[in-house]
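Here is how the chains run, residue by residue.
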Amino acid sequence: MKEVDLTCVQCPLGCKIKVKMDDAGVVLDILGNRCNRGKEYAMQEVVDPKRVIPTNVKVLNGVDELVSVKTTNPVPKRLMWEIMNIIKETTVEAPVKIGQVIIKDILKTGADIVATREVEKVNK
Ligand code: SF4
């Protein structure tokens, strides 16, 4: 039997959740959650955890060389390095607007990579 301790991040209460699993990783019990959202979060965390990825993309002809970006939804942690490698090879032409989609549906996760700030075009 295996136990995993988690802190639920679905609301500010931050419930301490314990997930009990058998040796094959089958979830036997989830304790400490005050609501069903916490149960779903805990199940997702032990089966296929997801995260929002915040990072930067290179900008061409901008007043800054980089623009901060993030995924619009949490994406599977197991795809993190593959996603980071795609983002590393990506460039965007200035001007960049907040919320601008830089990469649509990255790796078919349903999440877009969007700019989280503006970068103006450089005046030459
Ligand atoms: S289990 Fe429910 S109440 Fe507790 S932190 Fe998660 S969402 Fe909030």
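Placed above this text is the structure.
Here goes a summary of the coordinates provided. (Residues numbered from 1 in each chain as written. Predicted model: local features only at pLDDT ≥ 70, side-chain atom pairs only at ≥ 80, totals over all residues. Heavy atoms only, no water.)

Remarks on the overall build of the chain
Right, so step 1: Across its full length, the chain carries two helices and 10 strands.
Right, so step 2: The linear arrangement of helices and strands in the chain, starting from the amino end, is β-β-β-α-β-β-β-β-α-β-β-β.
Right, so step 3: On the principal axes, the C-alpha backbone points of the chain span a range of 65 × 30 × 20 Å.
Right, so step 4: Taken over 124 residues, the chain has a buried fraction of 31%.
Right, so step 5: If you take every contact in the chain between residues at least 6 apart in sequence, the share linking residues at least 24 apart comes to 46%.
Right, so step 6: Computing the positive centroid from 20 side-chain charges and the negative centroid from 17, the chain places the two 2 Å apart. (Helix = DSSP H or I, 4+ residues; strand = E, 2+ residues; numbered from the N terminus. Buried < 20%, exposed > 50% of the residue type's maximum accessible area, 1.4 Å probe, protein only. Contact = heavy atoms within 4.5 Å. Lys, Arg positive; Asp, Glu negative; His and termini not counted. Charge placed at Lys NZ, Arg CZ, Asp CG, Glu CD.)

Let's talk about the layout of surface pockets
Right, so step 1: Space inside the largest pocket adds up to approximately 230 Å³.
Right, so step 2: Together, Val9, Gln10, Arg37, Glu40, Tyr41, Gln44, Glu45, Lys50, Arg51, Val52 and Pro74 line the largest pocket.
Right, so step 3: Taken together, the elements giving at least two residues each to the lining of the largest pocket come down to helix 1 (36-47) and strand 4 (50-51).
Right, so step 4: Ranked by residues supplied to the lining of the largest pocket, first place goes to helix 1 with five residues.
Right, so step 5: Split by residue class, the lining of the largest pocket holds four nonpolar, two polar and five charged. (1 Å grid on protein atoms, 1.4 Å probe; cavity = no way out; pocket = protein on both sides within 12 Å on 5 of 7 lines; lining within 4 Å. Points joined across faces, edges and corners; volume = space filled by probe spheres on them. Nonpolar A, V, L, I, M, F, W, Y, C, P; charged D, E, K, R; others polar.)

As far as function goes, none of this settles anything; it's purely spatial.
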